[in-house]
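# Coordinate inspection notes
Each chain is listed here by its residues.
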Amino acid sequence: MALTTASVLAASVKAVDAAPLLAHTRAQLRRRERRIVLGLLGTLVIVGAFSLAIGAYSLSVPDLLRTLTGQGTQSENFIVLSLRLPRLTLAVLVGVAFAISGALFQTVLRNPLASPDIIGVTGGASAAAVFGMLILGFGAVATSLAAFAGAIIVACAIYLLAWRGGVVGYRFVLIGVGVAFMVQGLLGYLLSRADLNDAQGALLWLVGSVSGARWQDISVVAVVLLVLLPIIRLLSGRLRALQLGDDLATSLGVGAERTRLVLLVIAVALAATATAAVGPLAFVAFVAAPIARRIVGSGGLALISAALIGALITTVADFAAQHLLPGQLELPAGIITGAIGAPYLLWLLATSNTTGKGA
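Counting restarts for each chain: residues are numbered from 1 in the order of the written sequence. The model is predicted, so local features are restricted to residues of pLDDT at least 70 and side-chain atom pairs to those at 80 or more, both for listing and for counting; the totals for chains, interfaces and linings are taken over all residues. Working from all heavy atoms in the structure, the side-chain values ignore hydrogens and water.

A separate point is the overall build of the protein. Tallying secondary structure elements over the protein gives 14 helices and 0 strands in all. Starting at the N terminus, the α and β elements of the protein follow one another as α-α-α-α-α-α-α-α-α-α-α-α-α-α. Relative accessibility decides the category of a residue: with a 1.4 Å probe and only protein chains considered, values under 20% of the type maximum give buried, values over 50% give exposed, and everything between is partly exposed. Relative to its full complement of 359 residues, the protein shows a buried share of 46%. Looking at the protein alone, contacts between residues at least 24 apart form 74% of all its contacts between residues at least 6 apart. A total of about 17800 Å² of accessible surface is found on the protein, and carbon and sulfur atoms cover 69% of it. Numbering of helices and strands runs from the N terminus, with a helix taken as a DSSP run of H or I at least four residues long and a strand as a DSSP run of E at least two residues long. Here, two residues are considered to be in contact whenever any of their heavy atoms come within 4.5 Å of each other. We get accessible surface area from the Shrake-Rupley algorithm with a probe of 1.4 Å; when it comes to residues, only the shown protein chains can shield them.

Moving on to the nonpolar core. Definition used in this section: a nonpolar core is a set of buried Ala, Val, Leu, Ile, Met, Phe, Trp, Tyr and Cys residues joined via side-chain atoms within 4.5 Å. Counting residues in each nonpolar core, the largest one holds 97 residues, and the members touching the most others are V94, L104, F105, F172 and L270. Other than its neighbours up to four places away in sequence, V94 contacts V210, V221, A274, A277, V278 and L281. The next biggest cluster of nonpolar side chains, apart from the first, holds 6 residues, and it includes L52, L64, V80 and L88.

Only rings of Phe, Tyr and Trp enter the pairing, Trp through its six-membered ring, and a pair is recorded when the two centres are within 6.5 Å. The plane angle decides the type: under 30 degrees is stacked, over 60 is edge-to-face, the rest tilted. Using the criterion set out here, one finds 2 aromatic pairs in the structure. With centroids separated by 6.0 Å and ring planes inclined at 35°, the aromatic side chains of Y159 and W163 adopt a geometry described as tilted. Its relative accessible area of 13% is what places Y159 among the buried residues. You can call W163 partly exposed: its relative accessible area is 36%. On the basis of an interplanar angle of 55° and a centroid distance of 5.9 Å, the ring pair of F283 and F286 is categorised as tilted. Take F283 and F286: they sit in the same class, and that class is buried.

Next up on the list: helix α7 (residues 196-207). Residues lying three or four places apart along an α-helix face the same way, a consequence of the helix completing one turn every 3.6 residues. A helix is expected to span 1.5 Å multiplied by its residue count minus one. Counted at 1.5 Å a residue, the expected span for α7 with its 12 residues is 16 Å, and the 17 Å between its end C-alpha atoms agrees. Of the positions making up α7, those classed as buried are A199, A202, W205 and L206. Taken around the axis of α7, the buried residues stretch over an arc of 120°, which confines them to a single face. More than 90 degrees from the buried face of α7, the exposed residues found are L196 and N197. Buried residues along α7 sit in contact with α4 (121-134), α5 (140-162), α6 (169-193) and α11 (256-278). As used here, the arc is the angular range of directions from the helix axis to the C-beta atoms.

This part covers a positive patch on the surface. A contiguous patch of positive charge, built from R30, R31, R32, R34 and R35, is present on the exposed surface. With respect to the helices and strands, the residue R35 is situated in helix α1 (residues 2-53). A relative accessible area of 56% means that R35 is categorised as exposed. A patch consists of residues exposed above 30% relative accessible area that lack any salt bridge, with like charges linked at up to 9 Å and nonpolar side chains (Val, Leu, Ile, Met, Phe, Trp, Tyr) linked at up to 5 Å. Whenever a carboxyl oxygen of Asp or Glu lies within 4 Å of a side-chain nitrogen of Lys or Arg, that contact is scored as a salt bridge. When charges are counted, Lys and Arg are positive and Asp and Glu negative, with His and the chain ends excluded. Think of each charge as sitting on NZ of Lys, CZ of Arg, CG of Asp or CD of Glu.

The angle between the axes and the distance between the axes are what describe a pair of packed helices. Running from N to C, helix α3 (residues 74-109) and helix α12 (residues 284-296) cross one another at 70°; their axes reach a closest spacing of 7 Å. What the angle tells us is that α3 and α12 run roughly perpendicular. In this structure, α3 uses G95, F98, A99, G102, A103, Q106 and T107 to contact α12, whose residues at the interface are V284, A285, F286, A288, A289, P290 and R293. Helix axes are fitted only over the stretch in contact, all axes being lines through C-alpha atoms; the angle between N-to-C directions runs from 0 to 180 degrees. Roughly parallel here means an angle under 35 degrees, roughly antiparallel means over 145, roughly perpendicular means 65 to 115, and every remaining angle is called oblique.

In this structure, A53 sits in helix α1. Distance from A53 to L65, taken between C-alpha atoms, is 9.7 Å for residues 12 residues apart in sequence. Residues in contact with A53, not counting those within four places in the same chain, are S58, L59, L64 and R84.

By the secondary structure assignment, S115 is in the loop between α3 and α4. We call two N or O atoms a polar contact when they sit within 3.5 Å, provided that within protein one can donate a hydrogen and the other can accept it, with sequence-adjacent residues counted only if both atoms are side-chain atoms. Polar contacts involving the side chain of S115 include one to the side chain of D117, which spans 2.4 Å. Excluding residues within four positions of it along the chain, S115 makes contact with F105, Q106, A285 and F286.

So, on to unusual backbone geometry. Unlike most non-glycine residues, R110 shows phi in positive territory, near 50°. Relative to the helices and strands, R110 resides in the loop between α3 and α4. Its relative accessible area of 46% is what places R110 among the partly exposed residues. One non-glycine residue with positive phi stands out, namely F283, at about 70°. Position of F283 among the secondary structure elements: in the loop between α11 and α12. A residue is classified by how much of its surface remains accessible, and F283, at 15% relative accessible area, is buried.

Quick look at the side chain of T337 now. Positionally, T337 belongs in helix α14 (residues 333-355). T337 gets classed as buried once you look at its relative accessible area, which sits at 2%.

As a further point, take the confidence of the model for the protein. For every residue, the predictor reports its confidence as pLDDT, a number between 0 and 100. Residue-level pLDDT values for the protein average 83, and 88% of them are 70 or greater. In this model residues 8-16 is a low-confidence stretch, pLDDT under 50, and it forms 0 contacts with partners more than four residues away in sequence or in other chains. Every residue in residues 353-359 is under pLDDT 50, and counting partners more than four places away or in other chains gives 11 contacts.

What follows is the structure, given as structure tokens:
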């Protein structure tokens, strides 16, 4: 008994001695994350400045600053404020929405493949939008609403099919991948039966692009983010508990299944809103959060870093799409994001096959 008491006292002393070291380590990680966030934010501002200033009509930095304050010439105001600024704003907002959506899916389901574009959520949005465009003759607004509804319907179907007294990450992902293949088959059928000109327009939407950005679309995405991001902030503690597993989360007083459902609904809403605005930009949701966690290195959620990386990916992709090829030919941004994300997916699958688990 004396030995046991001595062991307990020794362990308590060690714990007390380790407490300052643990607090110091946490403070270092927080400072590191703040520096990374500031660095990403600064990089995003630089990329944004390039996007606004460079084009067929280029502006110097003083001219750009003057135009942004409303002091530019009529042509400068039109090019920057009416054409380039809406495009840049939409790229940033949908990048944030896709990135946060992917981070929530991957964290809640504890699977690096759990991303809305991998498990069929954005595919459902695409199928509904293309059906509306080609079969029902929808316009831009109705197509966006159809895309949103399609993502919600497919996500609900996946959740119900994956439910077995609860939702397990690997089952949700496998069913989602199966649904994604079914959706691709439906898309192929719709495109093969459509008029050639209509099919070309649908294909452009399916690739994903922020060209032709309208303030109406921007306001919708902005409002959704303003509503959902504070909710995610309030649920961040529960999200961290889910990272520990359902049993530990329950022991900490967190309703694991209820919290998972709420967070999945938020993730689907973010992905659906972004897809409805710009189409299914490939791999943005898939790569943003893993890159953020690797850069931060804290093992935490890194949601702010993920959001900034998502915004960077979309803005860089759109800038490259506009200027990568000479002449007037412009690529959809989705081609660039696909080129970025596909090698990462192959690397992730190769690593999974080697080590038996995802990266």
